[in-house]
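Analysis of the macromolecular model
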Amino acid sequence: MIPVNELARGFKLYQKEYEDRALEVLRSGWYILGRQMTSFEEEFAAALGEDCDCAGVDNGLDAIWLGLRAAGIGAGDEVIVQANGYIATMLGIMNCGATPVFVEPDEYYQLDADAIKKAVTERTKAVMVTHLYGQATRMDRICDECRHLGLMLFEDCAQSHFASFKGVNTGLFGKASFFSFYPTKNLGAFGDAGAVVSKDSAITDAVRILRNYGSDRRYHNIDIGYNMRLDEMQAGLLRVRLSHMEELIANRRHIADRYLNEMKNPKVELPKTAEGCSHTWYQFIVRVDDRKAFMDHMKNEGVATDISWETPPYLQPCMMEKFGYGPGSFPVTEDICAHIVTLPMMEYMEEDEITKVIEAVNAF
Ligand SMILES: *Cc1c(COP(=O)(O)O)cnc(C)c1O
């Protein structure tokens, strides 16, 4: 069976470098808030673009929570998000006391600039874009809309490392952006890790304090903080993976190009990429009317598939109780969630595996 993803492949690609780095960290005698973390922060910020700063944290959800809190988002504030986004984005907003307000996505599954105006209330403080599945969102009109309406703009880049809009990397458009390095992500660690990126170092400096008990120097606490630090082992291993990002993304693009060129089945709608938006193919998502029959067929052909995700966040029990949304609240989102299928996309796939996935799709 060809899996949807297999993390051991990513490890084996650069096994020796990972093992050397792990030993280096183990032997260093320094495991929290050290040289690996500060080096990773510098290297990741430099790779993303000029004049941005990066503060490492313990995971993507906490990056959202701390980053929003550092930017002053709190109780009573509303933050506009796309209804088909990931629940962690909404939880990050809710953990700092604010309320997510949902809107329908565009045909690329991304936040729709036209939806912002309709969702604004006097409590709206910010818009949170999630560049879903690895494709950059069309940012020009969203940036204009936020400027026009006086809203802060944030980006959830947990799926979009190095995807760009008109040549600018995602994560550099708003007040702050949030990265996850969960192992499956394109820049993945070997455990939990995340980061806040901002061009405003007041935000990243506040995150550095909040992640470490609210402490600005040793045994001196100026804020009610957390323990949300990026550890040395994950930071060290992330530096190895970061140094190979170009080839890893090129490899995903090769797989996606073959899928897009060679899959020819009118029953299977291929993903579209918007003009000016680059795609780094965190996931390759197709749309099929009869999803169950398609997934059964693929399984019989020896190809695993997945759904990310079947239930939109606002229909999860914890959200329905809180906000009173129900089935039918967002029909476009519910239609997406009822028909999307995730095809195998991983580093690294053999050519004959790619061919097998294509043939299985074409045979449906
Ligand atoms: C993975 C992910 C997160 C959460 O990241 P964790 O590191 O797992 O906490 C947040 N938002 C999106 C869009 C994600 O894909």
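How each quantity is defined
- Residues numbered from 1 in each chain as written.
- Predicted model: local features only at pLDDT ≥ 70, side-chain atom pairs only at ≥ 80, totals over all residues.
- Heavy atoms only, no water.
- Axes fitted to C-alpha atoms, helices over the stretch in contact; angles between N-to-C directions.
- Helix = DSSP H or I, 4+ residues; strand = E, 2+ residues; numbered from the N terminus.
- Parallel < 35°, antiparallel > 145°, perpendicular 65-115°, else oblique.
- Left-handed = near helix turned anticlockwise from the far one by under 90°.
- Contact = heavy atoms within 4.5 Å.
- Polar contact = N/O pair within 3.5 Å; in protein donor to acceptor, adjacent residues only side chain to side chain.
- Domains from an automatic or database assignment.
- Buried area = accessible area lost by both parts, 1.4 Å probe.
- Salt bridge = Lys/Arg side-chain N within 4 Å of Asp/Glu carboxyl O.
- Nonpolar A, V, L, I, M, F, W, Y, C, P; charged D, E, K, R; others polar.

Digging into the packing of helix 10 (residues 245–262) against helix 14 (residues 351–362)
Two numbers describe how helix 10 lies on helix 14: the axes approach to 10 Å, and their chain directions differ by 30 degrees. It follows from the interaxial angle that helix 10 and helix 14 lie roughly parallel. Relative to helix 14, helix 10 is oriented so that their crossing is right-handed. The segment helix 10 lies against helix 14, with His254, Ile255, Arg258, Tyr259 and Glu262 engaging Glu351, Ile354, Thr355, Val357, Ile358 and Asn362.

So, the side chain of Thr342
Topologically, Thr342 is positioned in strand 14 (residues 340–343). Only 3.4 Å separates the side chain of Thr342 from the side chain of Ser308, close enough to count as a polar contact.

Remarks on the domain arrangement of the protein chain
As far as domains go, the protein chain holds domain 1 (7–242) and domain 2 (245–362). Relative to domain 2, the C-alpha centre of domain 1 lies at a distance of 24 Å. Domain 1 puts 42 residues into the contact, and the matching count from domain 2 is 41 residues. When domain 1 packs against domain 2, the two sides together hide about 3600 Å² of surface, and 62% of this comes from carbon and sulfur. Three residues, Arg9, Tyr133 and Asn186, lead the burial of domain 1 against domain 2; their summed loss comes to 21% of the area buried on that side. At the boundary of domain 1 and domain 2, one finds three salt bridges. When the shortest N-O distance is used, the salt bridge between Glu353 and Arg9 registers 2.8 Å. Inspection of the domain 1/domain 2 interface yields 24 residue pairs in polar contact (both at pLDDT 80 or more). Of all the secondary structure elements, the ones that give two or more residues to the side of domain 1 that touches domain 2 are helix 1 (7–13), helix 5 (87–95), strand 3 (99–103), strand 6 (164–165) and helix 9 (232–242). Each residue belonging to the side of domain 1 that touches domain 2 can be placed in one class, and the counts come to 22 nonpolar, 13 polar and seven charged.

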